[in-house]
Amino acid sequence: MTLLSVRKLNIAFHNKPILKNVDFNIRQGEWFTLIGESGSGKSITASAIGGLLPGEMIITSGSICFEDKDITMLSNKEFRKLRGKEISFVFQDYQSSFTPFIKIGKQMDEMIQAHCQLTKEERREKALEALEEVQLPAERVYDSYPFQLSGGQLQRASIAMAMMLKPKLLIADEPTTALDSITTIHVLEIMANMKKKMNCSILFITHDIRQAKKYSNTIGVMKQGEIVEIGTKETIMYHPSHPYTKLLLNAAPTIRRLDQNIVLQ
Ligand SMILES: Nc1ncnc2c1ncn2[C@@H]1O[C@H](COP(=O)(O)OP(=O)(O)OP(=O)(O)O)[C@@H](O)[C@H]1O
Ligand SMILES: [Mg+2]
């Protein structure tokens, strides 16, 4: 079942094209990854889906259907209802997922309150459950200020907050770029487990081909505002057809070598 359908999306900034005919689908339960060079339009694509386009950037044509409803037509108020509940975000800059001087628990509580009719006790339980799900010491983190946590803990807390209301689509824009390699693996494994458990879809943005290879079902390759190639992970990794995809893969030669080593072992 198709959850999200982006159709011939064009976005411009002061008449300069930023996205050009961007077109892809995400199925329910699918891990869809966007890769491509810096400035190619990955984050703008994600922002458009969440109704978070920077000011003066406008959708000039095309549509974004979420569960068959064109969400490009939504008002800011309607988008606020959708965000957090149906579509949620995890960003590279996890510091900005939380307000610095408000305890994590209070921020989670406010988010639940904005979307659900639950008692105070039920809200607390929901937040603690979400923190446990990302393997954090729930009570302690609930009562902590963001600055009292490490980067990895804070990013896991932001995933907990993003997944707390069981969204249908999680958009993760380079969620691990600011983390060390062990924490990166931990965070990605948590996302993968949550996807499996909740059968949600993930729109994942990364520069790291190895991450794309490990977790994706489908990969879209972006260059200068366009998706130049889209295909299953296997097609993109082993039978790429666009010269730019080949260039990207060649820039990360260790993948094939790693694979060969695994086969040899
Ligand atoms: N707030 C903004 N105002 C004007 N132009 C912007 C803004 N944000 C991004 N752009 C432009 O939109 C284009 C796409 O940017 P985008 O942030 O989507 O790239 P990206 O693929 O996410 O790159 P990166 O991998 O570096 O994060 C770029 O040309 C960028 O300069
Ligand atoms: Mg980006």
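Anything mentioned here points back to the structure above.
Since we're looking at a predicted model, the values are computed, not measured.

**Regarding the pattern of salt bridges**
- Per the stated rule, a full pass over the model turns up 10 salt bridges.
- With its nearest N and O atoms 3.1 Å apart, the salt bridge here joins Glu30 to Arg27.
- Judged by its relative accessible area of 4%, Glu30 falls in the buried class.
- Ionic pairing is found between Lys168 and Glu67, a salt bridge with its closest N-O pair at 3.2 Å. Of this pair, Lys168 sits in the loop between helix H6 (151-163) and strand S7 (169-173) while Glu67 sits in the loop between strand S4 (57-66) and strand S5 (69-70); the two residues are 101 residues apart in sequence, bridging distant segments of the chain.

**A look at the pairing of strand S1 (residues 2-13)**
- As paired strands, S1 and strand S2 (residues 16-27) are joined by eight bridges and run antiparallel to one another. Looking at the pairing, Ile11 lines up with Leu19 of S2.
- Where S1 folds back onto S2 in an antiparallel hairpin, the turn is made up of two residues, including His14, whose phi is positive at roughly 50 degrees.

**Things to note about the sheet that holds S4**
- One open sheet holds the four strands; their spatial order is S2-S1-S4-S5, and the pairing between them is antiparallel. On the outer flanks of this sheet lie S2 and S5, each paired with one strand and no other.
- Across two bridges, S4 lies against S5 in antiparallel orientation. Along S5, the bridge assignment pairs Phe66 with Lys69.
- Each of S1, S2 and S4 touches helix H1 (residues 42-49); the most contacted strand, S2, lies at about 65 degrees to it.

**Thoughts on the sheet that holds strand S6 (residues 87-91)**
- Taken in spatial order, the six strands line up as S6-S7-S8-S3-S9-S10 in an open sheet, and their pairing is mixed. Unpaired on one side and paired on the other, S6 and strand S10 (226-232) mark the two borders of the sheet. Ignoring strand direction, the axes of neighbouring strands in this sheet form an average angle of 15 degrees.
- Both strand S3 (residues 31-36) and strand S9 (residues 218-223) contribute to a ladder of five bridges, which runs parallel. Each bridged residue has a counterpart across the sheet, and for Thr33 the counterpart in S9 is Ile219.
- Across the sheet, H6 is in contact with S6 and S7; its angle to S6 comes to roughly 175 degrees.

So, how was this worked out
- Residues numbered from 1 in each chain as written.
- Chains lettered and ligands numbered in written order.
- Predicted model: local features only at pLDDT ≥ 70, side-chain atom pairs only at ≥ 80, totals over all residues.
- Heavy atoms only, no water.
- Salt bridge = Lys/Arg side-chain N within 4 Å of Asp/Glu carboxyl O.
- Buried < 20%, exposed > 50% of the residue type's maximum accessible area, 1.4 Å probe, protein only.
- Helix = DSSP H or I, 4+ residues; strand = E, 2+ residues; numbered from the N terminus.
- Pairing = 2+ DSSP bridges.
- Contact = heavy atoms within 4.5 Å.
- Axes fitted to C-alpha atoms, helices over the stretch in contact; angles between N-to-C directions.

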